[in-house]
Amino acid sequence: MQVLHDAPLAPLTTFRLGGPATRLVTAGTDAEVIAAVREADDTGTPLLVIGGGSNLVIGDKGFDGTALRIATRGVELRGTTLELAAGEVWTDAVARTVEAGLAGIECLAGIPGSAGATPIQNVGAYGQEVSSTITEVIAYDRRAGETVTLTSEECAFSYRHSRFKADPDRYVVLRVRFELEDADGLSAPLKYAETARALGVATGDRVPLADARETVLKLRAGKGMVLDPEDHDTWSAGSFFTNPILTDEQFAAFHARVRERLGEGVEPPAYPAGQGRTKTSAAWLIDKAGFTKGYGTGPARISTKHTLALTNRGEATTEDLLALAREVVDGVRAAFGVTLVNEPVTVGVSL
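Since the model is a prediction, treat every value here as computed from it, not as a measurement.

Caption draft 1: Expanded view of the overall build of the chain. Summing up its helical and strand segments, the chain has nine helices and 20 strands in all. Its C-alpha atoms give the chain a radius of gyration of 20 Å, within 12% of the compact-globule value 20 Å for 351 residues. On the principal axes, the C-alpha backbone points of the chain span a range of 60 × 50 × 40 Å. The contacts in the chain between residues at least 6 apart in sequence include a share of 61% that link residues at least 24 apart. Averaging the coordinates of the 35 positive side-chain charges in the chain and doing the same for the 46 negative ones gives two points 3 Å apart.

The structure is reproduced here in structure tokens:
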């Protein structure tokens, strides 16, 4: 276990933003993770758990407490069952399952961060979510003081949400188990129209696993969603806002605002999201409210490749980023009456 004091946190995040932690502990085993958590809890020390740092916005003042960086490793494949240590690099794990000929997470290629973070956010992209393949999550329950195993149902997954996100101070994820599919080297049926179009097939079709993964990586790279130290469009947390889910009444009011602002013939994106609910596109809202790709003149700007990504152009502070985020939220609300919600976790700051 490595312990550093007054340790910079910005290098541990994909935004490359945020001040130092009073204490940074890097844990390489589950036992070390649990020991660090118990020590913080026993002494009443605030605790910040860091995986890949791809979903964190840390304030410029940093974190007054213990930051725990989970660096555990371990990949175990038994037939179609996959178990990942929380510190495993997610995109590497996806590549390994594709090489093994197993389907279920191939369209989640290129997503930065660690395996342990995926159930917290119910990570999803291009028609797949981890909730569809996760069977169990092994976590340390800080309230009970013991390691527990939660079934997929007990994780209470929903769109970009879970039991872990709802109660962020209770659980520390240690390991995640998935049940994948052996489809003779083919992907799961493609659910996302953009992916299917890029592959020249119809939604619902299967394609070779490697083709699905490579296509998703190309699509993500074209939007600045694959990490590249030389490309400031990737100095981000990926999608900064979640797609709004509206009640029928809210969607009707939103639809009226769209017609009023953009004309009678304009139809906003609309996708079923359960009984009496409709999901629309945050990227569409941002663009139509006037925040186009590359928007901004300061050190924090909207990506030149994707309107959903807010980026650090190299010299930004967290306050620069938050000022831009607030401008976007206020602008979309004024234009369409819809309030965007940030996807990344904020530490010591808020919108």
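Caption draft 2: Spatial organisation of the sheet that holds strand β7 (residues 81-85). The strand order β6-β7-β13-β11-β12 describes an open sheet built from five strands, whose pairing is antiparallel. Taken across any chain shown, the strands that pair with only one partner, and hence form the sheet edges, are β6 (75-78) and β12 (146-151). Taking each pair of neighbouring strands and ignoring which way they run, the sheet shows an average axis angle of 20°. As defined by bridge partners, strand β11 (residues 134-141) adjoins β12 across six bridges and the pair is classed as antiparallel.

Caption draft 3: Molecular detail of unusual backbone geometry. Look at Tyr-126: it is not a glycine, yet its phi comes out positive at around 50°. Among the secondary structure elements, Tyr-126 is positioned in the loop between β9 (124-125) and β10 (128-129). Phi is positive for Arg-160, which is not a glycine, with a value near 50°. Summarising the element assignment, Arg-160 is placed in the loop between β12 and α4 (163-166). The class for Arg-160 is buried, based on a relative accessible area of 13%.

Caption draft 4: Representation of the sheet that holds strand β5 (residues 63-70) in the model. Reading across from one edge, β1-β2-β5-β3 is the order of the four strands in this open sheet, with mixed pairing throughout. Because the sheet does not close on itself, it has two edges, and the strands there are β1 (2-8) and β3 (47-50). Each strand of the sheet is rotated relative to its neighbour by a mean of 25°, with strand direction disregarded. Taken together, the four bridges between β3 and β5 define a ladder with parallel strand orientation. In the strand pairing of β5, Val-49 is matched with Leu-68. Packed on one face of the sheet, helix α1 (residues 30-43) meets β2 (20-27), β3 and β5 and runs near 145° to β2.

Caption draft 5: Broad picture of the packing of helix α7 (residues 248-262) against helix α9 (residues 318-336). At a minimum axis distance of 8 Å, the contact between α7 and α9 shows a crossing angle of 90°. Judged by the angle between their axes, α7 and α9 are roughly perpendicular. Contacts between α7 and α9 involve Phe-254, Arg-257, Val-258, Arg-261 and Leu-262 from the first element and Arg-333, Ala-334, Ala-335 and Phe-336 from the second. Residue composition of the contact of α7 with α9, grouped by class: six nonpolar, no polar and three charged.

Caption draft 6: Up close: the packing of aromatic side chains. Across all of its chains, the model carries ten aromatic pairs by this definition. Ring geometry for Tyr-126 against Tyr-192: centres 5.2 Å apart, planes inclined by 75°, an arrangement best described as edge-to-face. Of this pair, Tyr-126 sits in the loop between β9 and β10 while Tyr-192 sits in the loop between β14 (181-182) and α5 (193-199), and the two are 66 residues apart along the sequence. Judged by relative accessible area, which is 9%, Tyr-126 ranks as buried. Aromatic pair Phe-251 and Phe-254: ring centres 5.7 Å apart, planes at 70°, arrangement edge-to-face. With Phe-251 and Phe-254 both in helix α7 and three residues apart, the pair spans about one turn of that helix. Of the residues examined, Phe-254 reaches a relative accessible area of 1% and is grouped as buried.

Caption draft 7: View of the side chain of Thr-278. Residue placement: Thr-278 occurs in strand β17 (residues 277-279). Leaving out residues up to four positions away in the same chain, Thr-278 has contacts with Pro-244, Ile-245, Leu-246, Asp-248, Phe-251, Ala-270, Tyr-271 and Ala-273.

Caption draft 8: A look at α1. Between its first and last C-alpha atoms α1 spans 20 Å; for 14 residues at 1.5 Å apiece the expected length is 20 Å, and the two agree. Looking at the buried residues of α1, the elements they touch are β2, β3, β5, β11, β12 and β13 (171-179). Gly-44, located one to two residues past α1, shows a positive phi value of around 70°.

Caption draft 9: How the structure looks around the layout of surface pockets. In this structure, the second largest pocket spans a volume of roughly 480 Å³. Lining of the second largest pocket is provided by 24 residues; of these, Thr-14, Gly-52, Val-89, Gly-113 and Leu-227 occupy positions nearest its centre.

Caption draft 10: Structural context of the side chain of Ser-187. Tracing the sequence through the fold places Ser-187 in the loop between β14 and α5. The residues contacting Ser-187, other than those within four sequence positions of it, are Ala-103, Glu-106, Arg-206, Val-207, Pro-208, Leu-209 and Ala-212.

Caption draft 11: Fine view of the environment of Phe-157. Position of Phe-157 relative to the elements: it lies in the loop between β12 and α4. In this structure the C-alpha to C-alpha distance between Phe-157 and Pro-119, which are 38 residues apart in sequence, comes to 8.0 Å. Beyond its immediate stretch of four places on either side in the chain, Phe-157 contacts Pro-119, Asn-122, Ser-131, Ile-134, Ser-152 and Ser-162.

Conventions we followed
- Residues numbered from 1 in each chain as written.
- Predicted model: local features only at pLDDT ≥ 70, side-chain atom pairs only at ≥ 80, totals over all residues.
- Heavy atoms only, no water.
- Helix = DSSP H or I, 4+ residues; strand = E, 2+ residues; numbered from the N terminus.
- Rg over C-alpha atoms; globule rule 2.2 N^0.38 Å.
- Contact = heavy atoms within 4.5 Å.
- Lys, Arg positive; Asp, Glu negative; His and termini not counted.
- Charge placed at Lys NZ, Arg CZ, Asp CG, Glu CD.
- Pairing = 2+ DSSP bridges.
- Axes fitted to C-alpha atoms, helices over the stretch in contact; angles between N-to-C directions.
- Buried < 20%, exposed > 50% of the residue type's maximum accessible area, 1.4 Å probe, protein only.
- Parallel < 35°, antiparallel > 145°, perpendicular 65-115°, else oblique.
- Nonpolar A, V, L, I, M, F, W, Y, C, P; charged D, E, K, R; others polar.
- Phe/Tyr/Trp six-rings, centres within 6.5 Å; stacked < 30°, edge-to-face > 60°.
- Expected span 1.5 Å × (residues − 1).
- 1 Å grid on protein atoms, 1.4 Å probe; cavity = no way out; pocket = protein on both sides within 12 Å on 5 of 7 lines; lining within 4 Å.
- Points joined across faces, edges and corners; volume = space filled by probe spheres on them.

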